[in-house]
Amino acid sequence: MQKDLNKLTEREKCELGMLYDANYSEETVKLRLKCQELCYDFNQIRPSDLKKQEEQIRKIVGKCGKSPVITAPFHCDNGFNIELGDYFYANYNLIILDGAKVTVGNHVFIAPNCCISTAGHPLDAKRRNQGLEYAFPVTIGSNVWIGANVCILPGVTIGEGAVIGAGSVVNKDIPPYTVAVGNPCKVLRKITDNDILKYS
C-alpha cells in the first residue's frame, strides 16, 4: 500500500485528504495560477456589465446554478472545486481557498469580507516549511446567510437555513435552522416562527 501511495500525484493526495505539496508541486502551482488569471479578469469587469460577470463566474467555478452574483473583488485557489447552487450572492471580498470541494446550496447570501478555507497546515514547523498542507471539504446548505467577516474553516458543514453572525470563526459543524455566532462559532438559538413575525 505504501508503494501505491508513493505513486500518487500531489493533486490525488489532496483529494484523499492527505498532506500534499501545495507550494512546490508544478501541477498545483499551474492550476492555481490559471485560476488567479481568471479571477483577475473577473475583477476587472465593469460593475454594470452583469452579463459578462456571470459568464466569467461560470468560467471560474466547477458548477454553477441560476443567476449567480459575486461582487468584485473575488479570489479563489482552483475554482473547479467550487459548486454554487441557484441564486448565490456574495458581497465584496469573498475568498474561497478550494483545495478541496466547496459545495454551496441554493439561495445562499454571503456578506462582505468572508473567507471559506478548505486548506490547513501541519502544526509542526518542519513539515509546514516544506510547503505541505491538507484540504478538507466545506459544505454550506441552502438558504444560509453568512454575516460579514466570517471565516469558515476546513471540514465544516453549515446546515440548511442557518445564520452565521458577523465576525464568527466556524470550526465545527452548525445544525440547520439555527443562529450561530462567536469565535469559536457556537449555536445561540433555533430559528422559529417568531422570527418571521419580527419584521412583519
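Details of the structure are given in the entry above.
It should be emphasised that the depicted structure is a prediction, and the values quoted were computed from it without experimental measurement.

For the rest of this paragraph, the subject is the pairing of strand β19 (residues 178-181). Two elements, strand β17 (residues 163-164) and β19, share two bridges in a ladder whose sense is parallel. When the bridges of β19 are listed, V163 appears paired with V179. For β19 and strand β20 (residues 186-190), the ladder comprises four bridges, and the chain directions are antiparallel. Within β20, the residue paired with A180 across the bridge is V187. As consecutive antiparallel partners, β19 and β20 are separated by four residues, and within that stretch G182 has a phi angle of approximately 110°, a positive value.

F74, I140, I152 and I158 are the most contacted members of the largest nonpolar core, which totals 37 residues. Put simply, the parts of the chain that give this core at least two residues each are α3 (26-43), α4 (50-60), β4 (74-76), β5 (82-84), β7 (94-97), β8 (102-104) and β13 (138-140). Setting aside residues up to four positions removed in sequence, I158 forms contacts with T139, I140, G141, V144, I152, I164, V170 and I174. Core analysis: the next-biggest nonpolar cluster, separate from the first, contains five residues, C14, Y20, A22 and A100 among them.

What follows concerns the packing of aromatic side chains. Here the structure, examined in full by the defined rule, presents three aromatic pairs. Seen from their ring centres, Y89 and F109 are 6.4 Å apart, and the 80° between their planes marks the pair as edge-to-face. Of this pair, Y89 sits in strand β6 (residues 89-90) while F109 sits in strand β9 (residues 109-110), placing them 20 residues apart in sequence. Among the residues examined, F109 registers a relative accessible area of 45% and is labelled partly exposed.

The next point concerns the side chain of Q53. Checked against the element boundaries, Q53 lands in helix α4. By relative accessible area, which is 11% here, Q53 ends up buried. With near-sequence residues (within four places) excluded, Q53 lies in contact with F42, I45, R46, P47, S48 and I70.

Following both chains from N to C, one finds α3 and α4 inclined at 170°, their axes separated by 10 Å at the closest point. Classified by the angle their axes make, α3 and α4 are roughly antiparallel. Contacts from C35, L38, C39, D41 and F42 in α3 reach Q53, Q56, I57, K59 and I60 in α4. In the contact of α3 with α4, the residues fall into six nonpolar, two polar and two charged.

Calculation rules
Starting afresh in each chain, residues are numbered from 1 along the sequence in its written order. Reporting of local features is limited, given that this is a predicted model, to residues whose pLDDT is at least 70; pairs of side-chain atoms are given and counted only at 80 or more, and all residues count toward the totals for whole chains, interfaces and linings. Side-chain numbers here rest on the full set of heavy atoms in the structure, without hydrogens or water. Here the rule is simple: two strands pair whenever DSSP picks up at least two bridges between them. Numbering of helices and strands runs from the N terminus; a helix is a DSSP stretch of H or I covering at least four residues, while a strand is a stretch of E covering at least two. Here, nonpolar core means buried Ala, Val, Leu, Ile, Met, Phe, Trp, Tyr and Cys residues that are tied together by side-chain atoms lying within 4.5 Å of each other. Think of it in three bands: residues with accessible area under 20% of the maximum for their type are buried, residues over 50% are exposed, and the middle band is partly exposed, with areas taken using a 1.4 Å probe on protein chains only. Between two residues, a contact is recorded if the distance between any of their heavy atoms is within 4.5 Å. Pairing of aromatic rings covers Phe, Tyr and the six-membered ring of Trp, with a centre-to-centre limit of 6.5 Å; geometry is then stacked below 30 degrees between planes, edge-to-face above 60, and tilted otherwise. Here an angle of 0 to 180 degrees is reported between the N-to-C directions of two axes, which are lines fitted to C-alpha atoms, with helices fitted over the stretch in contact. By definition in this entry, angles of less than 35 degrees are roughly parallel, angles greater than 145 are roughly antiparallel, angles of 65 to 115 are roughly perpendicular, and the rest are oblique. Three classes are used: nonpolar for Ala, Val, Leu, Ile, Met, Phe, Trp, Tyr, Cys and Pro, charged for Asp, Glu, Lys and Arg, and polar for all others, with Gly counted as polar.

Purely geometric stuff here, so don't read any function into it on its own.
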